[in-house]
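Listed below are the residues making up each chain.
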Amino acid sequence: MSSSLLPTYARADLAFERGDGAWLTATTGERFLDFGGGIAVASLGYSHPHLIAALTEQGGKLWHTSNLFKIPQAEHLAARLVEATFADYVFFTNSGAEAVEGAIKTARKYQSVSGHPEKFHIVTFEGAFHGRTLATIAAGGNPKYIEGFGPKAEGFDQVPFGDIEAAKAAIGPQTGAILIEPIQGEGGIRVPRPGFLRALRELCDRHGLLLVFDEVQTGVGRVGKFFAYELSGVAPDIMAVAKGIGGGFPLGAFLATREAAKGMTLGAHGTTFGGNPLATSVGNAVLDVVLAPGFIEHVASMGLRLKQGLAELKDRHPGVIAEIRGEGLMQGIALRPPVNEFAAAARAEKILVIPAGDNVARLLPPLIVGEEEIGEAIKRLDAACLRLERDRSAAVAPDLSGAAE
Ligand SMILES: *Cc1c(COP(=O)(O)O)cnc(C)c1O
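Residues numbered from 1 in each chain as written. Predicted model: local features only at pLDDT ≥ 70, side-chain atom pairs only at ≥ 80, totals over all residues. Heavy atoms only, no water.

Let's talk about the packing of helix α2 (residues 49–59) against helix α10 (residues 277–290)
Packing of α2 against α10 brings their axes to within 9 Å, and their N-to-C directions diverge by 155°. Relative to α10, the element α2 is oriented roughly antiparallel. Two packed elements cross with a definite hand, and for α2 against α10 that hand is right-handed. Facing α2, whose interface residues are H50, L51, A54, L55, Q58 and G59, α10 presents P277, L278, S281, V282, A285, V286, D288 and V289. Tallied by class, residues from the contact of α2 with α10 come to nine nonpolar, four polar and one charged. (Axes fitted to C-alpha atoms, helices over the stretch in contact; angles between N-to-C directions. Helix = DSSP H or I, 4+ residues; strand = E, 2+ residues; numbered from the N terminus. Parallel < 35°, antiparallel > 145°, perpendicular 65-115°, else oblique. Left-handed = near helix turned anticlockwise from the far one by under 90°. Contact = heavy atoms within 4.5 Å. Nonpolar A, V, L, I, M, F, W, Y, C, P; charged D, E, K, R; others polar.)

Comments concerning the environment of G102
Secondary-structure assignment places G102 in helix α4 (residues 96–113). Taking the C-alpha atoms as reference points, G102 and L255, 153 residues apart in sequence, are found 9.4 Å from one another. Not counting residues up to four positions away in its chain, the partners in contact with G102 are F254 and H269.

Remarks on the pattern of salt bridges
For the structure on display, the rule yields 15 salt bridges. For D288, the salt bridge identified is with R80, shortest N-O distance 2.8 Å. With a gap of 208 residues between them, D288 in helix α10 and R80 in helix α3 (residues 72–84) connect regions that are remote in the sequence. Note on D288: relative accessible area 36%, which makes it partly exposed. The structure contains a network of salt bridges with shared partners spanning R201, D205 and D237. (Salt bridge = Lys/Arg side-chain N within 4 Å of Asp/Glu carboxyl O. Buried < 20%, exposed > 50% of the residue type's maximum accessible area, 1.4 Å probe, protein only.)

A short note on the sheet that holds strand β13 (residues 351–352)
Pairing is mixed in the open sheet, where four strands are placed in the order β1-β2-β3-β13. In this open sheet, the two strands that pair with only one neighbour each are β1 (16–20) and β13. Sheet analysis places β1 next to strand β2 (residues 23–26), joined by four bridges and oriented antiparallel. Paired with F16 across the strands is A26, a residue of β2. (Pairing = 2+ DSSP bridges.)

A few points about α2
Taken residue by residue, α2 has L51, A54 and Q58 as its buried positions. Along the axis of α2, the buried residues cluster in a sector spanning 65°; they form a single face. Exposed and facing more than 90 degrees away from the buried side of α2 are P49, T56 and E57. Against the buried residues of α2 lie α3 and α10. (Arc of directions from axis to C-beta.)

Quick notes on the nonpolar core
Counting 82 residues, the largest nonpolar core has F125, L200, I333, F342 and L381 as the members making the most contacts within it. Two domains share this core, each providing at least three of its residues, namely domain 1 (49–290) and domain 2 (294–334 + 352–393). Those residues in contact with L200, other than ones at most four positions away along the chain, are F125, I164, A167, I178, I180 and L211. A103, I122, A242 and A256 belong to the second-largest nonpolar core, a separate cluster that totals 22 residues. (Core = buried A, V, L, I, M, F, W, Y, C linked by side-chain atoms within 4.5 Å. Domains from an automatic or database assignment.)

This is the structure in structure tokens:
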């Protein structure tokens, strides 16, 4: 069947009709355990009663008014984010790329109003992903995403992830900020060594640079902290957020300290849809759950359980799994066979995982998963590994018999 959707995705031949907790029901009636969470978006799983109540209640009242008027739901959500983080200000967007774009603009404007308009360069890291706008593809630096879209946006200087000396060397008279994901998501759940983010913070302080964290994937409880920067013991000046904060409703934000935001004055930035009453009502409902006492601790303990289960799988299947890495409920399985084969084998065992760079399968389950579902996930991933081992030895067998003849 031909599709009228622009063919930029290689989609699995699978569509879903319903979701419930960590489970998705396909149009065929088959049920899948979803450990991809729609790419870290379904933070509270599917059909969470509190989110449905918030969405339907606000949906019956008012969806959109524009930012020409006060939006109490957005005011409330911003105040709660400020209360729970390093930040003094919040600007709401509709996506992660827009959140990062706004973060980049805020950093550049800060340098400009500080008398340094020339300091528009930003140091970024190999393997990064920051979105698909013209600025964020340049920041991410993946040639596959940049090629053919005209001159690469100027001012992004990329260095190897985790290399503090390279970061130091990249800082010049035009550098104004450093932009990094505290844990690379799409790049393959790459966790920097302990102390790296702190070293970047010190570098920024020494050179008058702003530290910008892209927490679009790591944020809102995912890593067993409200935000991943808490794991590092240092805070950024600016932070981009999206994915999990809407629980499935498109919502993003960038957050900044008062100082970092000093250039973002009347008229400096804007959005038509961003922070609308419907999106921010759902965002508030997500925070009701994520910030409730014990919830983030639940994520941390489920994350530990998942990691232990995966470590056992690695021991059982050293020919399939090379490494387990990640924090909380953001775990990566570095694979020996191609990740797409693993994802297909997992799908055959009715569990969904998400391919990432570095030949890694990402596990980003809903934060509400329990012990039973984690046990079930490990069982199904074990079966997927066995399936791959079987297929691989089957692929080798004809060669052997051929040689015998
Ligand atoms: C997904 C992602 C983005 C882009 O978000 P969109 O909503 O797809 O624009 C940016 N940064 C990181 C770290 C992401 O994981």
